[in-house]
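If you want the building blocks of each chain, they are given just below.
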Amino acid sequence: MLKSKKALVMSVLCAVASAGFVASASAAETTMQGNLDEIIIEGSRNAVPKDSFGNVITEQSYARTGGDVTVVTRQEIESKHYQNITDAVKRVPGVHINDMGYRGGEYGFSAYSQQVTINGDGHVVVLLDGRRLDNSASSSSSGSSSSSGNTSMVPLHLITSIGNVESIEVIKGPGASIYGGDASGGVINIITRKGATKPSTTIDIATGSWKRHTYGLVHNGSSDDGNWRYFMVLNRDMGGDTHYKDGLTGKNYKYFGTHYKDDSAAVRVDRQYDEDHFVSLSYNYTNNWDGYPVVPRDYRASSIERFFSGQVNIDAADGKSHAPINQGFRNKWWYHGVLGDYTTSKTSNLDLTYQFNKDNNLPSYIRAFSTHNTYEAAWVKNSNFNFSPSGNITMEQLKAYLDSYKGEHSVSTYKEQSNGVELQLGKRYGINDILFGVTASHDTYNRVNPSANTTANINRNLLTGYLQDKIHFSDKFELTPGLRYLHASDYTVKKGNGTDKSPSDSQVNHVSGMMATQYKFDDTTSLYGSWAQVFRAKKVTDYDAVLEPLEDEKGNVYNVGLKKSFGKKTNLDINYSYLKMDNAIGSYSVEDLTTATGTKSYAMNAKQNKKALNLSVEHQFDDNWRLGASYTYVKTDFHSKNFKTVPDGTSLDDLLNKQVPINNYQIDLGYDKGKFNVDLLTTIYSGNDTDYFTNNRFVISDLSMNYKLNEKATLYLIANNLWNTAWENRYMYHMGIGAFPQQGRRILVGMQYKF
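Figured I'd write up the structure that's included with this text.

1. A short note on the sheet that holds strand β6 (residues 124–128)
Inference 1: Read from one edge of the open sheet, five strands run β3-β10-β11-β6-β7, paired in mixed fashion. In the strand order of this sheet, the two ends are held by β3 (68–73) and β7 (131–132), each with one partner.
Inference 2: With five bridges joining them, β6 and strand β11 (residues 186–192) adopt parallel strand pairing. Counterpart to Leu128 in the pairing with β11 is Ile190.

2. Quick notes on the environment of Met735
Inference 1: Here Met735 is to be found in the loop between β37 (713–720) and β38 (746–754).
Inference 2: Between the C-alpha atom of Met735 and that of Asp298, which follows or precedes it by 437 residues, the distance is 9.5 Å.
Inference 3: With sequence-adjacent residues up to four places away left out, Met735 is seen in contact with Tyr112, Val294, Val295, Phe329, Arg330 and Trp333.

3. Details of the packing of aromatic side chains
The geometry of an aromatic ring pair comes down to the distance between the two centres and the angle between the two planes.
Inference 1: In the structure shown here, the tally under the stated rule is 19 aromatic pairs.
Inference 2: When the centroid spacing of 6.3 Å and the interplanar angle of 75 degrees are considered together, the rings of Phe693 and Phe698 count as edge-to-face. Grouping residues by exposure puts Phe693 and Phe698 together as buried.
Inference 3: Put simply, the rings of Tyr102, Tyr244, Tyr253, Tyr255, Tyr292, Tyr299 and Trp379 pair up and form one aromatic cluster.
Inference 4: One residue, Arg103, lies across the ring of Tyr260, its end atom 4.2 Å from the ring centre.
Inference 5: One Lys or Arg, Lys564, reaches over the ring of Phe566 and ends 5.6 Å from the middle of that ring.

4. Brief notes about the nonpolar core
Inference 1: Judged by nonpolar contacts, the single largest core of 23 residues is most densely connected at Ile85, Val95, Leu156, Ile168, Ile188 and Ile190.
Inference 2: Those elements that place two or more of their residues in this core are α3 (85–89), β4 (95–98), β5 (115–118), β6, β10 (165–172) and β11.
Inference 3: Setting aside residues up to four positions removed in sequence, Ile188 forms contacts with Val89, Val116, Ile118, Val124, Val125, Val126, Leu127, Leu156, Ile168 and Glu169.

5. Digging into the environment of Ile162
Inference 1: Mapped onto the elements of the fold, Ile162 is located in the loop between β9 (152–153) and β10.
Inference 2: Note: C-alpha distance between Ile162 and His81 (81 residues apart in sequence) is 9.3 Å.
Inference 3: Residues within four places of Ile162 in sequence aside, it is in contact with Arg74, Ile77, Tyr82, Gln83, Asn84 and Ile85.

Reading the values: rules and limits
- Starting afresh in each chain, residues are numbered from 1 along the sequence in its written order.
- Per-residue local features of the predicted model are confined to residues with pLDDT of at least 70, and side-chain atom pairs are confined, for both listing and counting, to 80 or more; whole-chain, interface and lining totals are unaffected and use all residues.
- Note that water and hydrogens are dropped before the side-chain values are worked out from all heavy atoms of the structure.
- A pair of strands is labelled paired if DSSP reports no fewer than 2 bridges between them.
- Elements are defined by DSSP. Helices are runs of H or I of four residues or more, strands are runs of E of two residues or more, and each kind is numbered from the N terminus.
- Residues are treated as being in contact if the distance between any of their heavy atoms lies within 4.5 Å.
- Centres within 6.5 Å are what make two rings of Phe, Tyr or Trp a pair, Trp counting through its six-membered ring; a difference in plane orientation under 30 degrees is then read as stacked, over 60 as edge-to-face, and the rest as tilted.
- Note on classification: 1.4 Å probe, protein chains only; a residue is buried when its accessible area is under 20% of the maximum for its type, exposed when over 50%, partly exposed between these limits.
- We call a charge positioned above a ring when the Lys NZ or Arg CZ atom is no farther than 6 Å from the ring centre and deviates by at most 35 degrees from the ring normal.
- We call a set of buried Ala, Val, Leu, Ile, Met, Phe, Trp, Tyr and Cys residues a nonpolar core when their side-chain atoms join them within 4.5 Å.

Listed below in structure tokens is the structure:
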């Protein structure tokens, strides 16, 4: 029965695609070519090709449906010397990187992993060369991020090195049916580099604050006839313990346990048969070791009796609930960094693609892929140390324990694997650009936790399909309807203790729709809008600590925007988005006196309304000076359906609505003259709730300078957090205010040499 349903849905998609082909072919004589494929080049150092609607063109922009899109080009990456993908993406207006203040993070635990939101929405899909990186069987995903905290976002820098990146498309809003029904926040598409016809080698070496050293090697070229091309890159980024300014005490401290060493490699080989036919083989590998300090010490507690307490609530021993947070509780976790807790990750992505046709920039291809990810989390063994809820540790006891520690860790291992195949067909029929595709994959997940003496093995099959028709009614107006189909098989969590679990509602069959449009008033002004249904199926961890049976996440997202050029030197973009989730899953840590730490993570059904506004202006003063300015406003209302408070008395609405800054301003001032260019980016976060942040406003400035010695050699300097601002972008109730400080002022000096 299930097979027949899947076959029926896929047959309908195929039939609709065929009908679209026939209908549009009959209208071929009315096709308006006009300037649909016109390329506009702006006159500045960072010039990029654009279509007639003002959208930046890349090799994969054919799938986009207009809207608010920012493209980070290779030229920008090299001129500003971004050190990783996170550095490049966080400068995009509307993008917010929420992290702990150090690299790495704990697999499957969103509170201690990097989270990416676009316009305040964490449903962000990450692609590598247009391919989603999800694993439907695992509790974590390197391809999506939930703002409600139920899905951990693997840090962007773990996907591939910045040396392997040709460009990064940041699409705000759902963008296209290709990207899926869960991309309500947007899409980050990382496009990798390929070999050039002329062989070249680039070496990049840099050193900086806190023993940081980076090494990069890139080599690419082709055969004599240019039919074979190759590209390869090696990179190492390593550093010692960082420093930060504490927003509570105003003093600078060393952040113990934040040292790291991240290695990466990538290779790509292309065989070009003609302009429309090629075979490509690419492999990306990362190997990362990152210190895991959890949180830094709370220095306010250094002079009080309970410097080191095993309980969140200072009055918990007396049975009182939801009392003031104990300042010493954070120090219970501080010793993890001192004694060397760490996380590791090894990721590999192998793709083999054959493009067998290309019609009016619409590619048809088949791709086989294999993704393997292994993560480890190493925790200090502390079975002989009293961390009971009522236990308090003196400084003398702590020092004796640290002195006697022998370096033993308990290591949990998590493995993801996804193998599959993609097929895409692209064709222009008259005024219609048709894209049809299907992806089938088999996903597995394995977990081993020796400290808890548990194991879990999960297998799941995934089948997705999409159909998109971009209709060019004229050279000024286009309309794009689309459908997305998702089938995910049910799964069984096979546990080592023999207690297998098979959620009865884990199987998913769903079709979601979208619609997008663009209209050009004249050569200077265009309007765009879109609507999409949002759907996110429950993942494995959504079945764990819950207060009620959970439903799949469903809702609608709307986007509208305006692009306006004032002459050749000034561009204005305005974007407004509205997300209405009929059901969203909210999850966070709350007080629970029955647990060893006094906290527990709960999940529940909720309703979410999110409004976001983006304003951005770019102006070229003259041949040398340029300015970019942007403002982002995000307002989220997250209300539980059936709970106004959770068992500890905490307000769910307050916890989920007030933990992000409301306003974000960016001012990017650049100067280019001959061999020298400099860029100063200032970011201002305001409207912070001081119950959750150490200040209601944070001002952070980053500087990059570039000097070209000759055609081969370039010197550069990067200075981050110039004013040594004490700031945070994350809050957790049981750790208290200021528990996730960002890095202080730091400098990196390097040299790039090409030959």
